[in-house]
Amino acid sequence: MAEDLAETERLKNEFISSVSHELRTPLTSIKGWVETIGNIDDPTDKNYQRGLSVIGTETDRLYTMVEELLDFSRLQNGIKLNCQVLDLVAEATDAALFVEARIRQEGLHFVYEEPPDPYPVWADPARLHQVFINILDNAIKYSAPGGRITVKIWQGEYKAFIEIIDQGRGIPPEDLENVKTKFYKGSNSVRGSGIGLALVDSIMTALDGTLDLKSTLGRGTVVTLGLPLYKR
């Protein structure tokens, strides 16, 4: 028991240090560009325009990280859900449309074919959207230009499933069993707070769903989400 507490404390301290570093990076960039813009009198100057663009991007990045941290803190008190009957296909399509432009912008190929029939599930639309965006964001972050991100949806007898497949760097075997653990950040991780999968796992558990991960280092990752089909 004492060893478990010590390990949790160690992971928490590493997590705080990592998040502090992640927050400092965009803040440093914003501060630098604000000083640069302050010395430019001409708003049409290319560096003026570039500075505004960088500040906007980094501000969005900070906002996302702070929202993740707030959500993560709420997990300690349990996730509060506002569930209703949803069409899982429609929710997945909305998420796909939300990230499609960014996927193309990163030089990646996106494959998604919307099933013709609805798959009714009982879920919280805001939390479900959060799950999809988080998983797709990971797929984008860990993929190199030219790679492919594929989203598949199918229905079993009792559950509906969504599979997000990328051709990215993959997760090392020693990290795979821990990536859903609170405060854990893998050795192969890139920018971000490192709390995304812990948050997704908690949401899926609260929705009586499942989150399964399969990954091959250097070849990519497959994330499979499962939710019970709604029966009247």
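Refer to the structure above for everything that follows.
Presented here is a report on the structure given in the accompanying data block. Predicted model only: the values in this text are computed from it and were never measured.

## Points about helix H3 (residues 88-105)
Link 1 in the chain: Its 18 residues place the ends of H3 26 Å apart at the C-alpha level, agreeing with the 26 Å of an ideal helix rising 1.5 Å per residue.
Link 2 in the chain: Taking the largest bend as the criterion, H3 deviates by roughly 40°, centred on Val99.
Link 3 in the chain: Every buried residue of H3 is listed here: Leu88, Val89, Glu91, Ala92, Thr93, Ala95, Ala96, Val99 and Ile103.
Link 4 in the chain: You can read the cap of H3 off the contacts: a side-chain oxygen lies 3.0 Å from the backbone nitrogen of Val89, and it is on Asp87.
Link 5 in the chain: Once H3 ends, the next one or two residues include Gly107, with phi positive near 80°.

## Points about the environment of Lys214
Link 1 in the chain: Secondary-structure assignment places Lys214 in strand E6 (residues 210-216).
Link 2 in the chain: Along the sequence, Lys214 and Gly170 sit 44 residues apart, while their C-alpha atoms lie 9.0 Å from each other.
Link 3 in the chain: The contacts of Lys214, once residues within four sequence positions are left out, are Gly220, Thr221 and Val222.

## Quick word on the nonpolar core
Link 1 in the chain: Among the nonpolar cores identified, the biggest contains 39 residues, and Leu88, Leu128, Phe132, Ile149, Ile162, Ile164 and Leu225 are the most heavily contacted of them.
Link 2 in the chain: Elements that contribute at least two residues to this core include exactly H3, strand E3 (120-123), helix H4 (125-141), strand E4 (148-155), strand E5 (159-166), helix H6 (196-206), E6 and strand E7 (220-228).
Link 3 in the chain: It is H4 that contributes the most residues to this core, eight residues altogether.
Link 4 in the chain: Residues contacting Leu88, with those up to four places away along its chain left out, are Tyr119, Val121, Leu128, Phe132, Ala160, Ile162 and Leu227.
Link 5 in the chain: Formed by five residues, the second largest nonpolar core is a distinct cluster that contains Ile30, Trp33, Ile55 and Leu62.

## Details of the packing of aromatic side chains
Link 1 in the chain: Under the definition given, this model contains two aromatic pairs.
Link 2 in the chain: Ring geometry for Trp122 and Tyr230: centres 5.9 Å apart, planes at 20°, overall stacked. On the criterion of sequence distance, the pair formed by Trp122 in strand E3 and Tyr230 in the segment after E7 is long-range, its members being 108 residues apart.
Link 3 in the chain: For Trp122, a relative accessible area of 45% corresponds to the partly exposed category.

## Examining the sheet that holds E6
Link 1 in the chain: Read from one edge to the other, the open sheet built from five strands follows the order E2-E4-E5-E7-E6, with strand pairing classed as mixed. Of all strands in the sheet, those with a lone pairing partner are strand E2 (109-112) and E6, marking the two edges. Across the sheet, the mean angle from the axis of one strand to that of its neighbour is 10°, orientation sign disregarded.
Link 2 in the chain: When E4 meets E5, the two strands line up antiparallel, connected through seven bridges. Its bridge partner being in E5, Lys152 is matched across the sheet by Glu163.
Link 3 in the chain: Helix-sheet contacts for H3 involve E2, E4, E5 and E7, and the interaxial angle to E2 is about 170°.
Link 4 in the chain: The strands that H4 touches are E4, E5 and E7; relative to E5, the one it contacts most, it runs at about 25°.

## A look at empty space enclosed by the protein
To locate leftover empty space, one rolls a probe as large as a water molecule over the atoms.
Link 1 in the chain: Taken as a whole and assessed by the stated rule, the structure comprises two cavities of 30 Å³ or more.
Link 2 in the chain: Estimated volume of the largest cavity: approximately 50 Å³.
Link 3 in the chain: Every residue along the wall of the largest cavity is listed here: Ala92, Ala95, Ala96, Phe132, Leu136, Val151, Ile162 and Ile164.
Link 4 in the chain: Considering each element in turn, the lining of the largest cavity owes the most residues, three residues, to H3.
Link 5 in the chain: Classifying every residue of the lining of the largest cavity by side-chain character gives eight nonpolar, no polar and no charged.
Link 6 in the chain: Looking at the second largest cavity, its volume works out to about 40 Å³.

About the cut-offs
Residues numbered from 1 in each chain as written. Predicted model: local features only at pLDDT ≥ 70, side-chain atom pairs only at ≥ 80, totals over all residues. Heavy atoms only, no water. Helix = DSSP H or I, 4+ residues; strand = E, 2+ residues; numbered from the N terminus. Expected span 1.5 Å × (residues − 1). Bend = angle between axes of the 7 residues up to and from the residue. Buried < 20%, exposed > 50% of the residue type's maximum accessible area, 1.4 Å probe, protein only. Polar contact = N/O pair within 3.5 Å; in protein donor to acceptor, adjacent residues only side chain to side chain. Contact = heavy atoms within 4.5 Å. Core = buried A, V, L, I, M, F, W, Y, C linked by side-chain atoms within 4.5 Å. Phe/Tyr/Trp six-rings, centres within 6.5 Å; stacked < 30°, edge-to-face > 60°. Pairing = 2+ DSSP bridges. Axes fitted to C-alpha atoms, helices over the stretch in contact; angles between N-to-C directions. 1 Å grid on protein atoms, 1.4 Å probe; cavity = no way out; pocket = protein on both sides within 12 Å on 5 of 7 lines; lining within 4 Å. Points joined across faces, edges and corners; volume = space filled by probe spheres on them. Nonpolar A, V, L, I, M, F, W, Y, C, P; charged D, E, K, R; others polar.

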